[in-house]
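Residue-level structure breakdown
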Amino acid sequence: MQTSVIDRPVAGPPPVSRSRAARLPWLLAGGWLAHLLLRLWMFRYHAGPVANPDEIGYLLAARWLAGGPGGDYSGSTFYQAGYPLLLAPIYWLSTDPVTVYRLVSGLGAVASASAFPLAYLLLRRLALGRRAALVLAFVAGLAPSLLVFSGLALVDAVLPTLVLGWLIALHDLVTRRGVVPGVVAGLLSGLAMAMHMRGAILFGVFVVGVLGVLVSRRVSPRAGLWALGAAAVAGGAGMLVNARLKAALYPSGTKDLSGLALERMTSLEGQARSLAGAAGQIWYLVTATWGVAGIGIVAALVVLVRRGGSPYRVMAGVSLALTLGIAYASSAALPDEHRVGNYAYGRYLACVAVAWTLVGLAALLRSRRRAALAGASASAGLLALSGGLAAWYAGDRLTRYHYIAFDFPETAFLSGVRDRFDPVGASIAALVLLAAITAAALVRAKGLSRQKGPIGKRAAGALVLAFALAVPNVAFAADLAPKSAPAGGNDGLPRLTHGRVGLDTRVKWNIWVHLIHRVHWTAVERVRPAEGPLPEGLCTVVAAPEAGAPPAGWKVTAQGQGWVTWTAC
């Protein structure tokens, strides 16, 4: 693998004519627009949350941050304020739940499409030429991790793009490009920490990484301190907003995921559970990127074990620490919900999937044949080892526990099995695609380029490699896209239009969570009809069926499975 490392010295690109340089912004803008239109088309039928309680948790927070009514989300996971802050202005335009959701979906599409120009910049920093970087970045922008969540009200719609921007800014800081990149990286670190637990891992990695390069004098004290200061300011502001949000929307407390993580980290069984879950996430990361992310991870490991002060070595260490930290910490904090996804899950590492895919593509394109084969073989080994460890620990729970199709879009596509988890079939399909992509990288593309010299050959080779990656990416996008509009009809939920609304605490979560989103004119109030009189001023109460007859002055107006509505106005 000595010739496959991404920091192998290369000649810079030849001088570019002014006309060609002038075309670059238009190509980037055109590519971004194409990605945006694809995402808008794919999610054109989405009119409401489907991944709950997560989506509604973020939407509720955004509505409250925009000055609208809140609600009681006590007992749920704490959905932090960083992402809802981006959504809050939408509630200034409209409060209609359907309109709001469509605008949120559009915002996610904009953020996800923006990964394309950032992917181009990252590949340029990995020493690829303009044409090679453009074509590979465009195809990488079709990656499943950038499509699955782009139309949903989830932080996962923006995190991959944020991570790409953070990596570029951090790379520029390490390569001594001034104070501004460090400030940008610091601000993004603080924003990420305000968004999700994964952001807290990113923030910690950033602080440790910057302190490391300061001690080793790889960056100037001024640039390093500005970077840390920006991170502290953004992170502190995020903590203050999160504290206010938690007090307003979680008056009775949140689900204690930190306590669960600490408990697992301090016991042998908990460590086994956390490490096995992390292995399952690594397996999913490699499998869902058709093995290319595995090549990127292997290339980073090779760079990391080498001696020297290359900026690539710093970035390799940072990227690996971020990936492993997220996989381990999220597995430790994930409650055992008797879901197959508790043991093999792709969502948490989706934020780094594109970055690793880009590193893998750069390694393939810049490697000699033997090194490319070694990298692909090591990726296959990583897939088999991580998947084997996860399957060994989970045992028959992979078949006994609840299978949720939403957790496994890539593996279901690979295996063709939609109603159960098929890790073997998905692994075999991913290895076949890895072999095809590697074979494409080995093609020297003679005669495909009119230019002479290594740059022309590399650009032509990038076209072949991009085509090999585009085949599964486009096929996945076609599989994910809706084939027709969903059937209309009654969704079985109460129809409420006005007045104060009370909600019986005995109503099941899959009903009340939707009501909190749909009742946009007032905060839904928790009530206990069996324990005393209802609060004065309520117009409608959504009660549990076991509540019996309504109190005097109230009448039953509708009922459905798991609920009945009483009205007094």
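Okay, so let's go over this structure. Please read these numbers as outputs of a predicted model, since none were measured by experiment. (Residues numbered from 1 in each chain as written. Predicted model: local features only at pLDDT ≥ 70, side-chain atom pairs only at ≥ 80, totals over all residues. Heavy atoms only, no water.)

1. Some details on the sheet that holds strand β4 (residues 555-560)
Note: strands within a sheet are paired through backbone hydrogen bonds, in either parallel or antiparallel orientation. Going by this rule: Pairs of strands are assigned from DSSP output, requiring at least two bridges between the strands. Secondary structure elements follow DSSP: runs of H or I of four or more residues count as helices, runs of E of two or more count as strands, with numbering from the N terminus. Each axis is a line fitted through C-alpha atoms, and for a helix only the stretch in contact is used; angles between axes span 0 to 180 degrees, taken between their N-to-C directions.
Pairing in this open sheet of five strands is mixed, and the strands run β2-β1-β3-β5-β4 from one edge to the other. Single-partner strands in this sheet number two, and they are β2 (525-527) and β4. Averaged over all adjacent pairs, the angle separating strand axes in this sheet is 25 degrees, with direction ignored. For strand β3 (residues 540-543) and strand β5 (residues 563-567), the ladder comprises four bridges, and the chain directions are antiparallel. Within the sheet, the bridge partner assigned to Val541 lies in β5 and is Trp566.

2. Observations concerning the environment of Phe116
Our working definition: Buried means the residue's accessible area, taken with a 1.4 Å probe over protein chains only, is under 20% of the maximum for its type, while exposed means over 50%, and partly exposed covers the values in between. The contact rule is simple, with two residues in contact once any of their heavy atoms fall within 4.5 Å.
Note on placement: Phe116 falls in helix α5 (residues 115-125). For Phe116, a relative accessible area of 2% gives the class buried. Separated by 20 residues in the primary sequence, Phe116 and Leu136 have C-alpha atoms spaced 9.5 Å apart. In contact with Phe116, not counting residues within four places along its chain, are Leu27, Leu28, Gly31, Trp32, His35, Leu134, Ala137 and Phe138.

3. Some details on the pattern of salt bridges
The condition that has to hold: Salt bridge criterion: a side-chain nitrogen from Lys or Arg within 4 Å of a carboxyl oxygen from Asp or Glu.
Applying the stated criterion across every chain, the model contains 12 salt bridges. One salt bridge connects Asp172 with Arg125, and the closest N-O pair in it is separated by 2.8 Å. Taken together, the residues Asp172 in helix α8 (residues 159-174) and Arg125 in helix α5 connect sequence positions 47 residues apart. Side by side, Asp172 and Arg125 carry an identical accessibility label, which is buried. Arg339 serves as the salt-bridge partner of Glu337, at 3.1 Å between the closest nitrogen and oxygen. Taking relative accessible area as the criterion, Arg339 reaches 19% and is therefore assigned buried. It is possible to trace a salt-bridge network through shared partners that takes in Asp54, Asp156, Arg198 and Arg347.

4. Regarding unusual backbone geometry
That bond from Asn52 to Pro53 is cis: its omega, 15 degrees, falls within 30 degrees of zero. With respect to the secondary-structure elements, Pro53 resides in the loop between α1 (18-42) and α2 (54-65). Positive phi outside glycine occurs at His338, with the angle close to 55 degrees. Examined against the element boundaries, His338 turns out to sit in the loop between α15 (311-333) and α16 (350-366).

5. Comments concerning the pairing of strand β1 (residues 501-504)
Here β1 shows a buried face lined by Val501 and Leu503 and a second buried face lined by Gly502 and Asp504. Bridge count between β1 and β3: three bridges; the pairing is parallel. From the neighbouring strand, Gly502 faces β3, where its bridge partner is Val541. In this sheet, β2 lies alongside β1 in parallel orientation, the contact comprising three bridges. Paired with Asp504 across the two strands is Val527, which belongs to β2.

6. What about helix α13 (residues 268-288)?
Heads up, the rule is: Here the expected length of a helix is defined as 1.5 Å per residue gap, with one fewer gap than residues. Whenever two N or O atoms come within 3.5 Å, that pair is a polar contact, provided that in protein one can donate a hydrogen and the other can accept it, and provided that, for residues adjacent in sequence, both atoms are side-chain atoms.
Between the first and last C-alpha of α13 there are 30 Å, a value that for 21 residues agrees with the 30 Å anticipated at 1.5 Å per step. Extensive coverage of α13 is indicated by the burial of 16 of its 21 residues. Residue Ser267 occupies the N-cap position of α13, its side-chain oxygen lying 3.0 Å from the main-chain nitrogen of Gly270. At the C-terminal side of α13, Trp290 shows a positive phi close to 60 degrees.

7. Quick look at the environment of Gly280
Inspection of the secondary structure assignment puts Gly280 in helix α13. Along the sequence, Gly280 and Gly388 sit 108 residues apart, while their C-alpha atoms lie 8.6 Å from each other. With residues near it in sequence (within four places) discarded, Gly280 still touches Tyr343, Ala344, Tyr345, Ser386 and Ala390.

8. Points about the nonpolar core
Note the following rule: Buried Ala, Val, Leu, Ile, Met, Phe, Trp, Tyr and Cys residues form a nonpolar core when they are joined through side-chain atoms within 4.5 Å.
With 173 residues, the main nonpolar core has Tyr73, Tyr83, Leu123, Leu136, Trp166 and Trp356 as its most contacted residues. A per-element tally of this core places α16 first, with 14 residues. Among the nonpolar cores identified, the runner-up in size contains eight residues, and Leu538, Val541, Ala543 and Trp554 belong to it.

9. A few points about the packing of aromatic side chains
What counts is decided by this rule: Two rings belonging to Phe, Tyr or Trp (six-membered ring only in the last case) form a pair when the distance between their centres is within 6.5 Å. Interplanar angles under 30 degrees mark stacking, angles over 60 mark edge-to-face geometry, and anything in between is tilted. In this scheme, Lys NZ or Arg CZ marks a charge over a ring once it lies within 6 Å of the ring centre and within 35 degrees of the ring normal.
Under the defined criterion, the tally for this structure stands at 18 aromatic pairs. With 6.2 Å between their ring centres and 45 degrees between their planes, Tyr284 and Phe408 make a pair best called tilted. You can see Tyr284 sitting in helix α13 and its partner Phe408 sitting in the loop between α18 (397-400) and α19 (409-415), a full 124 residues away along the chain. Here the aromatic cluster, defined as three or more aromatic residues joined through ring pairs, consists of Tyr58, Tyr73, Phe78, Tyr79, Tyr83, Tyr250 and Trp512. Sitting over the face of the ring of Tyr343, Arg273 holds its NZ or CZ atom 4.8 Å from the ring centroid.

10. Here we look at the packing of helix α9 (residues 179-195) against helix α11 (residues 221-249)
Just so we agree on the cut-off: Under this scheme an angle from 65 to 115 degrees is roughly perpendicular, one under 35 degrees roughly parallel, and one over 145 degrees roughly antiparallel; angles in between are oblique. Note: crossing handedness is left-handed where the near helix turns anticlockwise from the far helix by less than a right angle, and right-handed where it turns clockwise. Each residue gets one label: Ala, Val, Leu, Ile, Met, Phe, Trp, Tyr, Cys and Pro are nonpolar, Asp, Glu, Lys and Arg are charged, and the others, such as Gly, are polar.
Relative to each other, α9 and α11 sit at 25 degrees, their axes nearing to 7 Å. Of the possible angle classes, the one that applies to α9 and α11 is roughly parallel. Seen along the crossing, α9 lies across α11 with a hand that is right-handed. Two secondary-structure elements touch here, α9 through Val179, Gly182, Val183, Gly186, Leu187, Gly190, Leu191, Met193 and Ala194 and α11 through Arg222, Ala223, Trp226, Ala227, Ala230, Ala231, Ala234, Gly235, Gly238, Met239 and Asn242. Across the contact of α9 with α11, the residue classes tally to 13 nonpolar, six polar and one charged.

11. Here we look at a nonpolar patch on the surface
Spelled out, the test is: Only residues whose relative accessible area exceeds 30% and that form no salt bridge are eligible for patches; like-charged ones are grouped when within 9 Å, while nonpolar side chains (Val, Leu, Ile, Met, Phe, Trp, Tyr) are grouped when within 5 Å. Accessibility throughout is a Shrake-Rupley quantity obtained with a 1.4 Å probe, and a residue counts as covered only by protein chains that appear here.
On the surface, a nonpolar cluster with roughly 260 Å² of combined accessible area is contributed by Leu33, Leu37 and Leu40. Looking at where Leu37 falls in the secondary structure, it is placed in helix α1.

12. Considering the state of the cysteines
Basically, it comes down to this: For the purposes of this analysis, a disulfide is any pair of cysteine sulfur atoms at a distance within 2.5 Å.
Tallying each qualifying case throughout the model produces one disulfide. Covalently, Cys539 is tied to Cys569 through a disulfide, its sulfur atoms 1.6 Å apart. Taken together, the positions of Cys539 in the loop between β2 and β3 and Cys569 in the segment after β5 put the pair 30 residues apart, joining distant regions of the chain. You can call Cys569 exposed: its relative accessible area is 55%.

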